[in-house]
Amino acid sequence: MQQPQAGLEIKASFSILFFMLYLFPPKISIDGSQAMPGKWGDNLIPMSPGRHMVSFWWPLYWIIPANRAQVVVDIAPGQVAQLQYKPRWFWFLEGKMQQVGVRPMLAGGQAQIPQGGDQPAGWHPDPAGRHEMRYWSGAAWTDDVSDAGVSTKDPMG
C-alpha cells in the first residue's frame, strides 16, 4: 500500500451567536476546482504535496457565496497543513483563514486510524490497506476512498 502523501486539515468554527450557520454547510475549493462539500468543525482532505490555493466559504440561502476566504498553502510530503477558518459578522465581508500549524501525516511510522466512535469524522489512512485514505463517518468506515487525491467508492468488506 502506498502511504498518503500529504493532507490539508481545515478547522471551521463560528461564534455561538451565529448558530444559524449550521443550516448552511460550507464549501471548499482547492486550486480552483469545483466546490466540494465541507462541514463546520474539522475537514481532513488528502492532498498531493506542493503549493495549493485553498478557498472556503458558506452559501448564504444555499446559493450566495458568503465570507469567502482564500489562502495559499505549501504542503510538504508526509505533512498535514492545518488551517483555521472563521466567518465575519456580515456576509459580504471576507472570512478569516490562516495557517495555524503543520503536523505529520503519520505518527511513529504508523497510520493514525480511528477505532472508536470518539474520533472525528474525516479522511484517515485506509485500515484495509487497499487505498491511501478512507472516510470515517464518526461511527463507521464508509465506501468512500481516495488515492492521490482522487475519490472513488470501494466497500470496506
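Everything in this summary refers to the structure shown in the same document. All values reported here derive from a predicted model rather than from experimental measurement.

## Some details on the side chain of asparagine 43
Move 1: Relative to the helices and strands, asparagine 43 is located in strand E4 (residues 41-47).
Move 2: A polar contact is formed between the side chain of asparagine 43 and the backbone oxygen of lysine 39, at a distance of 2.9 Å.
Move 3: Not counting residues within four places of it along the chain, the set of residues in contact with asparagine 43 comprises Leu8, Glu9, Ile10, Ala12, Ile28, Gly38 and Phe56.

## Considerations on the layout of surface pockets
Move 1: Counted as a void, the largest pocket has a volume near 520 Å³.
Move 2: Looking at the largest pocket, it is lined by 26 residues, and the ones nearest its centre are Met36, Ile45, Pro46, Trp123 and Ser151.
Move 3: Ranked by residue count, the leading element in the lining of the largest pocket is E4, at six residues.
Move 4: Here the residues of the lining of the largest pocket are counted per class, giving 12 nonpolar, 10 polar and four charged.

## Notes on the pairing of strand E1 (residues 6-12)
Move 1: Within E1, six of the seven residues are buried, which leaves the element mostly enclosed by the surrounding structure.
Move 2: Alignment of E1 against E4, held across seven bridges, turns out to be antiparallel. Directly across from alanine 12, in E4, lies its bridge partner glycine 41.
Move 3: Of the pairings in the sheet, the one linking E1 to strand E7 (residues 79-86) comprises six bridges and is parallel in character. Paired with isoleucine 10 across the two strands is leucine 83, which belongs to E7.

Parameters and conventions
Every chain is numbered on its own, with residues counted from 1 as its sequence reads. Per-residue local features of the predicted model are confined to residues with pLDDT of at least 70, and side-chain atom pairs are confined, for both listing and counting, to 80 or more; whole-chain, interface and lining totals are unaffected and use all residues. Computation of side-chain values: all heavy atoms of the structure, hydrogens and water removed. Only DSSP runs of H or I reaching four residues or more are called helices, and only runs of E reaching two or more are called strands; each is numbered from the N terminus. In protein, a polar contact requires one atom able to donate a hydrogen and another able to accept it; more generally it is a pair of N or O atoms within 3.5 Å, and residues adjacent in sequence count only if both atoms are side-chain atoms. Two residues qualify as a contact provided that any one of their heavy atoms is within 4.5 Å of a heavy atom in the partner residue. Computed over the protein atoms alone on a 1 Å grid, cavities are sets of points where a 1.4 Å probe fits but cannot get out and pockets are open sets with protein on both sides within 12 Å along at least five of seven lines; a residue lines them when it has an atom within 4 Å of a point. Grid points are joined across faces, edges and corners, and a volume is the space filled by probe spheres set on the points. Residues are grouped as follows: Ala, Val, Leu, Ile, Met, Phe, Trp, Tyr, Cys and Pro are nonpolar; Asp, Glu, Lys and Arg are charged; every other residue, Gly included, is polar. Type-normalised accessible area, obtained with a 1.4 Å probe on protein chains alone, sets the label of each residue: buried when under 20%, exposed when over 50%, and partly exposed for intermediate values. Strand pairing requires that DSSP identify at least two bridges connecting the strands.

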